[in-house]
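Residue-level listing of the chains:
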Amino acid sequence: MLSNLAEKLQKALRSLRGKGKLTEKDVDLAMREIRLALLEADVNFKVVKDFVASIRERAVGHEVMQSLTPGQQVVKIVHEELTRLMGQEQSRLASGSPPTTIMLVGLQGSGKTTSAIKLAHYLRRHGHRPLLAAADIYRPGAIQQLEILSRSAGIPFYSDANAKPLQICEEAVKESKREGYDYVILDTAGRLHLDEIMMAELQEIRDRIRPQEILLVVDAMTGQDAVNAAAAFHQAIGLSGVILTKLDGDTRGGAALSVRAVTGCPIKFVGVGEKTDALEPFHPERMASRILGMGDVLSLIEKAEASLDRAKAQELEEKLRRQQFTLDDFRDQLQQLRSMGSLESILDMLPGAGRLPREVRQLAVDEKQLVKIEAMINSMTREERQNPSIINNSRRRRIAIGSGTTVQDVNRLLKQFAQMQKLVKQMGAMQKKGFKQFKKGRRGFPFFPW
Ligand SMILES: Nc1nc2c(ncn2[C@@H]2O[C@H](COP(=O)(O)OP(=O)(O)O)[C@@H](O)[C@H]2O)c(=O)[nH]1
Ligand SMILES: [Mg+2]
């Protein structure tokens, strides 16, 4: 996510980080690099100017220059200013007397329909009962698109191909009162360009339905165009927030960093993939941490909790404790890891991952490799998986043929697994030690002995 921008900003700050003393010239040099990085990321020109000016002003101040760790102070200032730029606090969804109505607006192709289903999925995961309503009667197939998506996600759906968009919205609200849904998500029509007819229709729906949230869905890939669209929509219908989609991939980041400053509208969610669960609440502070390579452990934990199987995690913990980690468990782990989303997005949340060389990152996120590993483990017998030491040369050949890999691949897997088992043993020992110390009250948390 925003990897180019992150790389450049981190590089600019690295030159300051280790310095025992900072001169104004050092700061100016770093500010120049930051300015360039932001402009290249397509951040609004004026936003960049103000942003850099306020960092510089704070950075050359007395407290920083005379502190013992001036470089780190500057990093902290950049982190704070980035957080402020993106809205400071998380902006949550409104909730009032049910149903809370959320109207999604935006240009065609920005990701409205996809976001509607993601949002419904998100709400349901948090204990709500959302209803999806398709009010895009103009694009052929638009209603069916949402219907199919909601059916496969098991979320209630309302539409009527013969009604006007406003009627569809009104009926959906009525239905949710009848059926006890507490959120109604209205997927409205978009056009390729901003136009008055679209705005008039949205205004009418807004005035009659009075939704608690009007969220603009914008495609982060479109950079400043996205910000301009947001400003225009905000002026015409008044937005309560923004969903920024397609933040996965190589989005440059301009929209994420400037939309709040230019329009005053908070980003409420970001879309990070095409799948139903690829929507994250937007936390300015966490995003700033990710961009500066400090990782985002909180989001990672939330993600893990949402997608991992608690019983399995406990079972694994138990096995680790008893040092019985087998290839079966390894395969389970891989499968669970993959259910959390793309490996790249997970890596982004780990502190310091940005400092890994590109080749290592690529290796770590090579999903093909994982598929291969799974295939090899699948080609083993139950006995082999429990006790890999019995896998002799002829078994290795059989596994390679069975999984469409080579004997070298099998050798590598077995070697890596042996290393991992060793690591698990060491961790087990450390945990025990950590736990004892924890009980004595000398340590913080037993499972993180470092
Ligand atoms: N990679 C990625 N693709 C997305 C995301 N959100 C939407 N898309 C894709 O963008 C395209 C347009 O989405 P759609 O929801 O139909 O847009 P709409 O016209 O505004 O309703 C589809 O191919 C989606 O799969 C996202 O967060 N990441
Ligand atoms: Mg659509």
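Here the structure is a predicted model, which is why all the values come from computation and not from measurement.

**Student:** Would you mind going over the sheet that holds strand S6 (residues 241-245) with me for this structure?
**Tutor:** Sheet strands line up and pair through hydrogen bonds in the backbone, either parallel or antiparallel. Pairing is mixed across the open sheet formed by eight strands, whose spatial order is S3-S2-S4-S1-S5-S6-S7-S8. Each edge of the open sheet is held by one strand with a lone partner, namely strand S3 (157-158) and strand S8 (279-281). In the sheet, strand S7 (residues 267-271) pairs with S8 via three bridges, with the strands oriented antiparallel. Residue Gly271 lies in a different strand from S8, and its bridge partner there is Leu279. In this fold helix H8 (residues 165-179) packs onto strand S1 (100-105), strand S2 (130-135), S3 and strand S4 (183-188), with an angle of close to 165° to the strand it touches most, S2. Of the strands in this sheet, S1, S4 and strand S5 (213-219) are in contact with helix H9 (residues 196-209), which crosses S1 at around 175°.

**Student:** In this structure, what is going on with the environment of Lys25? I would like to understand it.
**Tutor:** For Lys25, the position within the fold is in helix H2 (residues 24-40). Here Lys25 falls in the exposed class, since 8 other C-beta atoms lie within 10 Å of it. In this structure the C-alpha to C-alpha distance between Lys25 and Val60, which are 35 residues apart in sequence, comes to 9.8 Å.

**Student:** Help me understand the environment of Leu166, please; the structure alone is not making it clear to me.
**Tutor:** By secondary structure assignment, the location of Leu166 is in helix H8. C-alpha of Leu166 to C-alpha of Leu202: the two residues are 36 residues apart in sequence and 8.7 Å apart in space. For Leu166, the residues in contact, after removing those within four places along its chain, are Glu204, Ile205 and Arg208.

**Student:** I tried to follow the site of ligand 1 on my own but got confused; where do I start?
**Tutor:** In the vicinity of ligand 1 there are 19 residues, among which Gly111, Lys112, Thr113, Thr114 and Gly271 approach most closely. At three residues, the largest contribution of residues to the shell around ligand 1 is made by helix H6 (residues 112-125).

**Student:** Can you walk me through the pairing of S4 in this structure?
**Tutor:** Along a regular strand, successive side chains alternate from one face of the sheet to the other. Of all six residues in S4, six are buried; the element is thus mostly enclosed. Residues Tyr183, Ile185 and Asp187 of S4 are buried on one face, and the alternating residues Val184, Leu186 and Thr188, pointing to the opposite face, are buried as well. Pairing analysis gives five bridges linking S1 to S4, with the strands arranged parallel. Its bridge partner being in S4, Leu104 is matched across the sheet by Asp187. Relative to S4, S2 runs parallel, the two being bridged by six bridges. Note that in S4 the partner of Leu131 across the bridge is Val184.

**Student:** When you look at unusual backbone geometry in this model, what are you seeing that I'm missing?
**Tutor:** Leaving glycine out, the prevailing phi sign among residues is negative, and the prevailing peptide bond configuration is trans. Looking along the chain, the bond that leaves Pro98 and enters Pro99 is cis, with omega of 0°. Residue placement: Pro99 occurs in the loop between helix H5 (70-85) and S1. Phi at Arg210 is positive, roughly 50°, even though this residue is not glycine. Along the chain, Arg210 falls in the loop between H9 and S5. Assessed through the 10 C-beta atoms surrounding it within 10 Å, Arg210 is described here as exposed.

**Student:** Could you clarify how one ought to interpret the pairing of S5 in this entry?
**Tutor:** Within S5, seven of the seven residues are buried, which leaves the element mostly enclosed by the surrounding structure. Pairing between S1 and S5: four bridges, direction parallel. Looking at S5, one finds that Leu104 is bridged to Leu215. Where S5 and S6 come together, five bridges link them in parallel fashion. Bridge pairing in S6 places Val217 opposite Ile243. With helix H10 (residues 224-237) bridging S5 and the parallel S6, this β-α-β connection has right-handed handedness.

**Student:** Even after reading the chapter, I still don't get the nonpolar core, so can you show me in this structure?
**Tutor:** Considering soluble globular proteins, one finds that nonpolar side chains tend to be buried as a cluster. If you look at the biggest cluster of nonpolar residues, it comprises 92 residues, and the most contacted ones within it are Ala133, Ile185, Leu186, Val218, Ala230, Val242 and Leu244. Residues from two domains meet in this core; each of domain 1 (3-85) and domain 2 (100-294) gives at least three. Once you skip the residues sitting within four places of it in the chain, Leu244 turns out to touch Val218, Ala220, Ala255, Ala256, Ile267, Val270 and Gly271. One finds Leu327, Ile377, Met380 and Leu413 within the second-largest nonpolar core, a separate group that totals nine residues.

**Student:** Just checking my understanding: could you explain the packing of helix H15 (residues 327-339) against helix H18 (residues 367-378) for this structure?
**Tutor:** Direction vectors running N to C along H15 and H18 enclose 145°, while the axes themselves pass 10 Å from each other. When you trace H15 past H18, the crossing you get is left-handed. Listed contacts from H18 to Leu327, Phe330, Arg331, Leu334 and Arg338 of H15 are Leu370, Ile373, Glu374 and Ile377. Taken together, the residues of the contact of H15 with H18 sort by class into six nonpolar, no polar and three charged.

Criteria and cut-off values
- Residues numbered from 1 in each chain as written.
- Chains lettered and ligands numbered in written order.
- Predicted model: local features only at pLDDT ≥ 70, side-chain atom pairs only at ≥ 80, totals over all residues.
- Pairing = 2+ DSSP bridges.
- Helix = DSSP H or I, 4+ residues; strand = E, 2+ residues; numbered from the N terminus.
- Contact = placed C-beta atoms within 7 Å.
- Axes fitted to C-alpha atoms, helices over the stretch in contact; angles between N-to-C directions.
- Buried ≥ 20, exposed ≤ 12 C-beta atoms within 10 Å, placed from the backbone.
- Near = placed C-beta within 6 Å.
- Right-handed = clockwise from strand over helix to strand, strands pointing away.
- Core = buried A, V, L, I, M, F, W, Y, C linked by C-beta atoms within 7 Å.
- Domains from an automatic or database assignment.
- Left-handed = near helix turned anticlockwise from the far one by under 90°.
- Nonpolar A, V, L, I, M, F, W, Y, C, P; charged D, E, K, R; others polar.

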